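Each chain, letter by letter, is given below.
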Amino acid sequence: MRTRVAIIGAGPAGLLLSQLLDQEGIDSVLVERQSAEYVQSRIRAGILESASVDLLTKAGVGERLAAEGMEHRGIYLQWPGERHHLDFVDLVGRSVTVYGQTEVTKDLMAAREAAGRPAFYEASEVTPHDIDGDHPHVTFVDSDGSPQRIDADVIVGCDGYHGPSRQAMPQSGLRVHERTYPFAWLGVLADVPPSTDELIYAWHHDGFAMHSMRSHRISRFYLQVSPDEDIAEWSDDRIWEALSTRLGAGDPDWTLHTGPVLEKSVLPMRSFVTSPMRHGKLFLAGDAAHIVPPTGAKGLNLALADVALLTRALTAWLHEGREDLVDQYSDTALRRVWRCTHFSWWMTMMLHRRDEEFDAQLQLSQLRRQVASESAAAELADNYAGVPIGY
Ligand code: FAD
Ligand code: DHB
């Protein structure tokens with residue numbers, strides 16, 4: 001089989017790339033290790049920056065997002081005894097939208113199917129070849145067990161942190177920057193209407209807690225736990241008690257509504273940046289090249305921004321033979337990646353409980369500053385609502 005762009009991984013990055021390339025008249029083929037149902041049901045991110053909303057709308061998948069997405073003007077920041085609203089619209093003129101990654105993925109999959117663009121799900125042994133040469137191609141075994149080969153002008157690795165694309169780059173030329181954190185999140189999806197109109201980020205002596213949502217009926221929560229936490233230790237009752245204590249501490253008149261827990265899992269936290277994001281005819285986008293800790297909701301948005309930049313670059317290259325944008329892709333993408341890596345690290349370090357009381361006092365001082373100083377609040381708002389895609 002021959003196509004112009006072979007895309008490894010059909011998460012949000014791969015799916016959006018195939019959609020945007022299609023709009024430019026460029027053929028692509030997606031190769032994904034999991035089934036479509038599995039990819040669709042993975043519960044992950046929930047917040048879209050305004051630039052991501054614009055991008056998805058331009059990509060032609062904005063209809064349900066506009067109808068069902070919940071636009072938020074800002075967030076609440078709290079610590080024991082105090083809850084404060086930061087209004088991003090007042091501060092920097094941009095909002096964010098609550099719309100689950102599951103829904104973004106469903107919309108992009110529906111668009112792919114409607115357009116009849118080819119995708120191979122449940123592919124195994126997916127491997128990029130000849131990324132330095134004139135015949136780049138991807139080999140894999142399809143869901144029927146038959147060997148397949150896709151020849152392409154370009155291969156794009158959108159295959160997440162564990163995928164084969166980054167491994168296919170000459171390791172001697174790769175620089176990897178990494179940080180692990182001494183905490184993790186217990187993520188909880190619950191069948192209960194949110195107890196807040198906008199997200200609450202809570203500092204607490206027992207550990208960080210967050211109240212998010214997926215709709216007017218479904219709530220999403222996170223609790224700081226240890227990276228080696230045994231989820232079996234967390235009964236639903238214990239979860240609700242911890243959420244109620246940590247989230248309730250900011251406002252004595254506030255009540256947390258409880259309900260059936262639909263899903264719970266422990267999420268590790270890591271910062272990871274690979275540079276460069278291109279070698280020869282192989283390009284990386286999204287989690288294949290970088291991971292941020294989830295505090296600040298940047299992971300999905302960064303993946304979408306990479307794809308926007310890469311579409312522009314590949315279009316100039318494949319249509320006009322112009323190589324300037326593909327040559328600049330890695331540097332341009334990494335500038336934004338490092339901005340978001342810093343913001344996610346900073347939010348994580350400000351909000352998660354560490355052992356030393358000295359750290360706690362620094363964190364509380366920083367939190368008070370965020371709400372007392374308009375310039376400090378605007379800096380947080382500008383990063384959270386999202387820096388421009390070409391930052
Ligand atoms: P992915 O969504 O990881 O997609 C990669 C795709 O490649 C997958 O479908 C995978 O199956 C496929 N793949 C992997 N290996 C192969 C292979 N060998 N061959 C073919 N295909 C392959 N971000 C936030 O902003 N907020 C959150 O709350 C949040 N929660 C998260 C929770 C979890 C458990 C995880 C893992 C991530 C979370 N993130 C969150 C990050 C966010 O979900 C990611 O940044 C986003 O999914 C990146 O999209 P992507 O398309 O680059 O990668
Ligand atoms: C969600 C996840 C985040 O990491 C975050 O900062 C805000 C919201 C969410 O899953 O809803």
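Scroll up for the structure.
None of the values given here were measured: they were computed from a predicted structure.

Quick look at helix α6 (residues 101-115)
Consideration 1: Along its 15 residues, α6 runs 21 Å from first to last C-alpha, staying within 8% of the 21 Å computed at 1.5 Å per residue.
Consideration 2: Within α6, the full set of buried residues consists of Gln101, Thr102, Glu103, Val104, Thr105, Asp107, Leu108, Met109, Ala111 and Arg112.

Overview of the sheet that holds strand β3 (residues 47-49)
Consideration 1: Taken together, 3 strands build an open sheet; the order of strands is β3-β7-β4 and the sheet is antiparallel. Of all strands in the sheet, those with a lone pairing partner are β3 and β4 (70-72), marking the two edges. Across this sheet, the average inter-strand angle for adjacent strands is 30°, counted without regard to direction.
Consideration 2: Bridge count between β3 and strand β7 (residues 96-98): 3 bridges; the pairing is antiparallel. Bridge pairing links glutamate 49 to valine 96 in β7.

Things to note about the environment of phenylalanine 183
Consideration 1: Take phenylalanine 183: it is sitting in the loop between β13 (175-180) and β14 (184-190).
Consideration 2: Since its relative accessible area comes to 2%, phenylalanine 183 is described here as buried.
Consideration 3: Setting aside residues no more than four positions away along its own chain, phenylalanine 183 makes contact with Gln224, Val225, Pro227, Met269, Thr348, Met349, His352, Arg353 and Arg354.

Thoughts on the site of ligand 1
Consideration 1: Taken together, 29 residues form the shell around ligand 1, and within it Ala13, Glu32, Arg42, Gln101 and Asp287 come nearest.
Consideration 2: One nitrogen or oxygen atom from the side chain of arginine 44 is found 3.0 Å from an oxygen atom belonging to ligand 1.
Consideration 3: Contacts to ligand 1 include glutamine 101, whose side-chain N or O atom sits 2.7 Å from an oxygen atom.
Consideration 4: Relative to its free-state accessible area of 1000 Å², ligand 1 is covered by the protein chains to the extent of 86%.
Consideration 5: For the shell around ligand 1, the secondary-structure elements that each account for two or more residues are α1 (12-23) and α9 (299-320).
Consideration 6: Per-element tally for the shell around ligand 1: the top contributor is α9, with 3 residues.
Consideration 7: Here the shell around ligand 1 is built from residues that sort into 14 nonpolar, 8 polar and 7 charged.

Focus on the sheet that holds strand β21 (residues 282-284)
Consideration 1: Read from one edge of the open sheet, 6 strands run β8-β2-β1-β12-β21-β20, paired in mixed fashion. Each of the sheet's edge strands pairs with one partner strand only, and the pair in question is β8 (119-120) and β20 (278-279).
Consideration 2: By the bridge criterion, 3 bridges tie strand β12 (residues 154-157) to β21 in an arrangement that is parallel. Counted as the bridge partner of isoleucine 155 is leucine 282 from β21.
Consideration 3: Here α9 sits on the sheet and contacts β1 (5-8), β12, β20 and β21; the angle it forms with β12, its principal contact strand, is near 175°.

Notes on the site of ligand 2
Consideration 1: Near ligand 2 you find 13 residues, and of these Tyr201, Ser212, Arg214, Tyr222 and Pro294 are the closest.
Consideration 2: In the environment of ligand 2, an oxygen atom lies 2.5 Å from a nitrogen or oxygen atom belonging to the side chain of tyrosine 222.
Consideration 3: For ligand 2, an oxygen atom lies 2.6 Å from a polar atom in the backbone of proline 294.

A word on the pairing of strand β17 (residues 219-225)
Consideration 1: Among the 7 residues of β17, 7 are classified as buried, and the element is accordingly described as predominantly covered.
Consideration 2: Neither face of β17 is exposed, since Ser219, Phe221, Leu223 and Val225 on one face and Arg220, Tyr222 and Gln224 on the opposite face are all buried.
Consideration 3: Pairing of β14 with β17 involves 7 bridges; the strand directions are antiparallel. By the bridge assignment for β17, alanine 184 is matched with valine 225.
Consideration 4: In this structure, strand β16 (residues 209-213) lies alongside β17, joined through 5 bridges in antiparallel fashion. Residue pairing across strands places methionine 213 opposite serine 219, the latter belonging to β17.

Focus on the packing of aromatic side chains
Aromatic rings in a pair are described by how distant their centres are and how their planes are angled relative to each other.
Consideration 1: Here the structure, examined in full by the defined rule, presents 13 aromatic pairs.
Consideration 2: Relative to tyrosine 384, the ring of phenylalanine 343 has its centre 6.4 Å away and its plane inclined at 85°; by these criteria the two rings are edge-to-face. Residue phenylalanine 343 is located in helix α10 (residues 324-351), and its partner tyrosine 384 is located in helix α12 (residues 374-385); the two are separated by 41 residues in the primary sequence.
Consideration 3: Ring pairing ties together the aromatic residues Phe88, Trp185, Tyr201, Phe208, Tyr222, Phe343, Trp346 and Tyr384, which thus form one cluster.
Consideration 4: The ring of tryptophan 317 has arginine 278 lying over it, and the distance from NZ or CZ to the ring centre is 5.6 Å.
Consideration 5: Sitting above the plane of the tyrosine 384 ring, lysine 298 keeps its charged end 5.8 Å from the centroid.

Criteria and cut-off values
- Residue indices begin from 1 for each chain and proceed along its sequence in written order.
- Going through the entries in the order they are written, you letter the chains from A and number the ligands from 1.
- It should be noted that, the model being predicted, local features are given only for residues of pLDDT at least 70 and side-chain atom pairs only at 80 or more, the latter also being counted only at that level, while totals for whole chains, interfaces and linings use all residues.
- Note: side-chain values were computed over all heavy atoms of the structure, leaving out hydrogens and water.
- The secondary structure listing takes helices from DSSP runs of H or I that are at least 4 residues long and strands from runs of E that are at least 2 residues long, numbered from the N terminus.
- Helix span, as expected, comes to 1.5 Å for every residue beyond the first.
- When accessible area is computed with a 1.4 Å probe and restricted to protein chains, residues below 20% of their type maximum are described as buried, those above 50% as exposed, and intermediate ones as partly exposed.
- Pairing between two strands requires that DSSP report at least two bridges joining them.
- With axes taken as lines fitted to C-alpha atoms, and helix axes fitted only over the stretch in contact, angles between N-to-C directions fall between 0 and 180 degrees.
- Contacts: residue pairs with any heavy atoms within 4.5 Å of one another.
- Summary of the distance rule: residues count as near a molecule or strand when at least one heavy atom falls within 4 Å of that molecule or strand.
- N or O atoms closer than or at 3.5 Å make up a polar contact, with two conditions inside protein: a donor-capable atom paired with an acceptor-capable one, and, for residues adjacent in sequence, both atoms drawn from side chains.
- All accessibility values rest on the Shrake-Rupley procedure with a 1.4 Å probe; residue burial counts only the protein chains present in the view.
- Classification convention: Asp, Glu, Lys, Arg as charged; Ala, Val, Leu, Ile, Met, Phe, Trp, Tyr, Cys, Pro as nonpolar; all other residues, Gly among them, as polar.
- Stacked, tilted and edge-to-face are the three classes assigned to paired rings of Phe, Tyr and Trp, where Trp is represented by its six-membered ring and a pair needs centres within 6.5 Å; plane angles under 30 degrees give stacked, over 60 edge-to-face, the rest tilted.
- Counting as a charge over the ring demands two things of the Lys NZ or Arg CZ atom: a distance within 6 Å of the ring centre and an angle within 35 degrees of the ring normal.

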